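# Summary of structural features
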Amino acid sequence: MNTVTARQRVLSGMRPTGLLHLGHYHGVLKNWVNLQHEHECFFFVADWHALTTHYEDPRIIEQSVWDMVIDWLAAGISPGAAKMFIQSRVPEHAELHTLLSMITPLGWLERVPTYKDQQEQLKEKDLATYGFLGYPLLQSADILIYKAGLVPVGEDQVAHVELTREVARRFNHLYGREPGFEDKAENAVKKMGKKNARMFKELRRKYQEQGDDDSLSVAQALLDTQQNISIGDKERLYGYLEGSGRIILPEPQSLLTPASKMPGLDGQKMSKSYANTIALRDDPDEITQKLRTMPTDPARVRRNDPGDPDKCPVWQFHLVYSDDVTREWVQEGCRNAGIGCVECKQPIIDSVLKELKPIQERAREYENDLSTVKSIIEDGNEAAREVARDTLDDVRKAMGIAYL
Ligand code: TRP
Ligand code: SF4
């Protein structure tokens, strides 16, 4: 595995708990579709994570796994560009999770904000389980097993990526020290050739003595391009640069997905638990019906009553879907009762149906050809395992359980 891609690799997961809707599409999937062309991408179905909260009714997970993969493919994730797989089919995640659990202080997990928040929000479920406490550490294993550099997530998941960074740092600190580290690192520097070695040392000095972050980035980029240095030596040099030991598990960064502007039918966040969604695979008639009956500014009881778009969820849809001319028409027409609400909704209906048409066509093709969907996932599972096995080898060696 080459370190250039390792540092840039993108990984993200989604819990399979039902059909995907427009909120997922605008919030997550469009972003993944863009990333797949710029980075090496791994996207996976987090079925174990779904079990942490849905252990009492796992049936929904099984159905949702395939629905979700179909929705991904329909939305434009391409098996040629991104690897898609199922978490539980890559059992290496579980082994890394176990190994990381040995070095993770309980307090770090108890302090993750989602731990208490979710327990309170999902009061009807008993989440005082071992699995639920370990949720973010399992997520750390998901990320670190691919040495992912970038993790696209929403705001609510940033704390989990932060935990991942701390766990990686602790791991490297504990196991990245080796006898003769400095000598090995110095030897590795020599392998870069005179000119690069001199540049590397200069940059390292600037970073370590003056805290100059630019020097750090330049030195890392210089390392990325070295062809003559083994992976082990590169791990050493990344660490040597920063003043630590070998970096076996690189720290990932979260790639914050901008909060989606996509509202639900009632103006709240679109979410299955608010029953305000438009699923990607809803029938066009049903979508039309849902949009026609969605609430508007409550002050507009009669057609002649003027309204205020700021108090109307339909306006938020116009912000996602309409151009300036249409928006102007809404503002005017609403405030002086020049247009009716049914009229105002029509461009939205048209835009949503137009957006979903190709997605639904693709979804139908995959629905009718599940064997293709399954073989895409099989390929993804295998590709993921190859990377995961390599990392696990490194980790086992570092922890003294490689027995070779
Ligand atoms: N916890 C994430 C969510 O609920 C899903 C997830 C599991 C994930 N493992 C991950 C996301 C690894 C990014 C990276 O959305
Ligand atoms: Fe909402 Fe449009 Fe009706 Fe105004 S005219 S209340 S923006 S639906």
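No experiment lies behind these values; they were computed from the predicted model shown.

## Some points on the overall build of the protein
Of regular secondary structure, the protein possesses 19 helices and five strands. In terms of principal-axis extent, the alpha carbons of the protein reach across some 85 × 45 × 40 Å. For the protein, the share of sequence-separated contacts (at least 6 apart) that also reach a separation of at least 24 residues comes to 77%. Surface accessibility of the protein: about 20100 Å² in total, with carbon and sulfur atoms responsible for 50%. Counting 51 positive and 61 negative side-chain charges, the protein places the centres of these two groups 4 Å from one another.

## Considering the site of ligand 2
What surrounds ligand 2 is the set Thr-296, Asp-297, Arg-300, Cys-312, Val-314, Val-330, Cys-334, Cys-341 and Cys-344. Judged by its atoms lying within 2 Å of the grid points, ligand 2 is housed in the largest cavity. Within the residue set of the shell around ligand 2, elements represented by two or more residues are helix 17 (324–335) and helix 18 (341–367). Residues belonging to the shell around ligand 2 are distributed by class as follows: six nonpolar, one polar and two charged.

## Thoughts on the site of ligand 1
Around ligand 1, a shell composed of 14 residues is seen, among which Arg-15, Tyr-135, Gln-139, Asp-142 and Gln-157 lie nearest. In the model, a nitrogen atom of ligand 1 is placed 3.0 Å from a nitrogen or oxygen of the Gln-139 side chain. At 2.7 Å, a side-chain N or O of Asp-142 approaches a nitrogen atom of ligand 1. In isolation ligand 1 exposes 370 Å². Once the protein is present, 89% of that is buried.

## What about the packing of aromatic side chains?
Going through the model one piece at a time under the given rule, you end up with ten aromatic pairs. Taken together, a centroid distance of 4.1 Å and an interplanar angle of 0° make the contact between Trp-32 and Phe-43 stacked. Of the two residues, Trp-32 is situated in helix 2 (residues 22–35) and Phe-43 in strand 2 (residues 41–45); the sequence distance between them amounts to eleven residues. Both residues of the pair, Trp-32 and Phe-43, count as buried. An aromatic cluster is present here, built from Phe-42, Phe-44, Phe-85 and Tyr-146 joined pairwise through their rings. The ring of Tyr-240 has Arg-204 sitting right over it, with the charged end atom 3.6 Å from the ring centre.

## Some points on the packing of helix 4 (residues 59–75) against helix 19 (residues 370–399)
Relative orientation of the contacting elements helix 4 and helix 19 amounts to 90°, with a least axis distance of 11 Å. When the axis of helix 4 is compared with that of helix 19, the two are roughly perpendicular. Each of Trp-66, Val-69, Ile-70 and Leu-73 in helix 4 lies in contact with helix 19, whose residues at this interface are Leu-370, Val-373, Lys-374, Ile-376 and Ile-377. Its residues assigned to classes, the contact of helix 4 with helix 19 shows eight nonpolar, no polar and one charged.

## Here's the deal with the pattern of salt bridges
What the rule picks out here adds up to 28 salt bridges. For Glu-178, the salt bridge identified is with Lys-184, shortest N-O distance 3.8 Å. Taking the relative accessible area as the measure of exposure, Glu-178 reaches 17% and is therefore buried. For Lys-184, a relative accessible area of 36% puts it in the partly exposed group. Of the charged contacts in the structure, one is a salt bridge between Arg-205 and Glu-202, with a shortest N-O distance of 2.9 Å. Taken as a pair, Arg-205 and Glu-202 lie in helix 12 (residues 194–210) at a separation of three residues, close to a single helical turn. Accessibility expressed as a relative area gives 36% for Glu-202, which makes it partly exposed. Salt bridges here are not isolated pairs; linked through shared partners, they connect Glu-178, Lys-184, Lys-191, Asp-233 and Arg-236.

Cut-off values and rules
- Residues numbered from 1 in each chain as written.
- Chains lettered and ligands numbered in written order.
- Predicted model: local features only at pLDDT ≥ 70, side-chain atom pairs only at ≥ 80, totals over all residues.
- Heavy atoms only, no water.
- Helix = DSSP H or I, 4+ residues; strand = E, 2+ residues; numbered from the N terminus.
- Contact = heavy atoms within 4.5 Å.
- Areas by Shrake-Rupley, 256 points an atom, 1.4 Å probe, with all protein chains shown as cover.
- Lys, Arg positive; Asp, Glu negative; His and termini not counted.
- Charge placed at Lys NZ, Arg CZ, Asp CG, Glu CD.
- Near = heavy atom within 4 Å.
- 1 Å grid on protein atoms, 1.4 Å probe; cavity = no way out; pocket = protein on both sides within 12 Å on 5 of 7 lines; lining within 4 Å.
- Sits in = over half its atoms within 2 Å of the grid points.
- Nonpolar A, V, L, I, M, F, W, Y, C, P; charged D, E, K, R; others polar.
- Polar contact = N/O pair within 3.5 Å; in protein donor to acceptor, adjacent residues only side chain to side chain.
- Phe/Tyr/Trp six-rings, centres within 6.5 Å; stacked < 30°, edge-to-face > 60°.
- Buried < 20%, exposed > 50% of the residue type's maximum accessible area, 1.4 Å probe, protein only.
- Lys NZ or Arg CZ within 6 Å of the ring centre and 35° of its normal.
- Axes fitted to C-alpha atoms, helices over the stretch in contact; angles between N-to-C directions.
- Parallel < 35°, antiparallel > 145°, perpendicular 65-115°, else oblique.
- Salt bridge = Lys/Arg side-chain N within 4 Å of Asp/Glu carboxyl O.

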